[in-house]
Amino acid sequence: MTTFTLDNAEHTHQIGVKLGSTLPASTVILLFGDLGAGKTTLIKGIGEGLGITDPIVSPTFTLINEYTEARIPLYHLDLYRLEPNEVTALNLETYWEGIEVTPGIVAIEWAERMPYKPDSYINIHLTHTQQGTREITITQINCTLHLNII
Ligand SMILES: Nc1ncnc2c1ncn2[C@@H]1O[C@H](COP(=O)(O)OP(=O)(O)OP(=O)(O)O)[C@@H](O)[C@H]1O
Ligand SMILES: [Mg+2]
């Protein structure tokens, strides 16, 4: 587990870039944190790190945005508007099993809404600080990727 401060939005973005340029296909990243904590900012960085040039826009209403133009696909989900039983109905495991879809990076905002989780994933928790910056905590759950981000 690693915790550190993100001084500004650019810092949040750059952590995403580093993740996107190193993570292998089939990595699941679950993002937790309040409204405006920086989840989408980080995922935009992941997109840049992967080499995606299409603009990454928040899928709050579309639920999922798929970007397939880069090294490996990015599947960007936002569960904010869903109840846990609705999340179950989405069969999200399709994404992380990579059987019917090309394996890629699966990044899920509002993972608090998930009634079940993959066997292994990267857990990222973002919180607001009193200084207006953010604190990030990254925990690897059943995976030992080399995260070169500190
Ligand atoms: N480390 C940081 N310090 C200060 N501001 C930041 C930091 N990281 C991101 N921000 C800013 O916080 C705002 C909200 O960011 P963002 O949209 O990424 O949050 P979010 O967690 O995706 O929110 P939502 O829950 O609504 O999806 C943006 O204006 C962004 O620039
Ligand atoms: Mg967001």
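Here's a quick rundown of the structure. From a predicted model like this one, the values you see are computed outputs, not experimental measurements. (Residues numbered from 1 in each chain as written. Chains lettered and ligands numbered in written order. Predicted model: local features only at pLDDT ≥ 70, side-chain atom pairs only at ≥ 80, totals over all residues. Heavy atoms only, no water.)

A short note on the side chain of Thr40
Next up, step 1: Summarising the element assignment, Thr40 is placed in helix α2 (residues 39–50).
Next up, step 2: Leaving out residues up to four positions away in the same chain, Thr40 has contacts with Ser58, His76 and Glu109. (Helix = DSSP H or I, 4+ residues; strand = E, 2+ residues; numbered from the N terminus. Contact = heavy atoms within 4.5 Å.)

Some thoughts on the environment of Leu82
Next up, step 1: Within the fold, Leu82 resides in the loop between β4 (74–78) and α3 (84–89).
Next up, step 2: Sequence-wise, Leu82 and Ile99 are 17 residues apart; in three dimensions their C-alpha atoms are separated by 25 Å.
Next up, step 3: What Leu82 contacts, discounting residues up to four positions off in sequence, is Leu63, Val87, Leu90 and Arg113.

Considering the site of ligand 1
Next up, step 1: Neighbouring residues of ligand 1: 18 residues in total, closest Thr12, Gly36, Lys39, Thr40 and Thr41.
Next up, step 2: One nitrogen or oxygen atom from the main chain of Ala37 is found 3.2 Å from an oxygen atom belonging to ligand 1.
Next up, step 3: For ligand 1, an oxygen atom lies 3.0 Å from a polar atom in the side chain of Arg134.
Next up, step 4: With the chains in place, 72% of the 650 Å² that ligand 1 exposes on its own is no longer accessible.
Next up, step 5: At the level of secondary structure, the elements contributing two or more residues to the shell around ligand 1 comprise α1 (9–22) and α2. (Near = heavy atom within 4 Å. Polar contact = N/O pair within 3.5 Å; in protein donor to acceptor, adjacent residues only side chain to side chain. Areas by Shrake-Rupley, 256 points an atom, 1.4 Å probe, with all protein chains shown as cover.)

With respect to the nonpolar core
Next up, step 1: Of all hydrophobic cores here, the largest spans 27 residues; its most connected members are Leu74, Ile124 and Ile136.
Next up, step 2: Broken down by secondary-structure element, the contributors of at least two residues to this core are β1 (2–6), α1, β2 (28–32), α2, β5 (105–109), β6 (121–128) and β7 (134–141).
Next up, step 3: Here the element with the most residues in this core is α2; it accounts for four residues.
Next up, step 4: Not counting residues up to four positions away in its chain, the partners in contact with Ile124 are Leu19, Ile29, Leu30, Leu31, Phe32, Leu42, Ile136, Thr137 and Ile138. (Core = buried A, V, L, I, M, F, W, Y, C linked by side-chain atoms within 4.5 Å. Buried < 20%, exposed > 50% of the residue type's maximum accessible area, 1.4 Å probe, protein only.)

Digging into unusual backbone geometry
Next up, step 1: With a phi angle near 75°, Ser26 is a residue other than glycine that sits in the positive phi range.
Next up, step 2: Locating Ser26 in the fold gives a position in the loop between α1 and β2.
Next up, step 3: Even without glycine at this site, Leu63 takes up a positive phi of about 75°.
Next up, step 4: Residue position: Leu63 is located in the loop between α2 and β3 (64–67).

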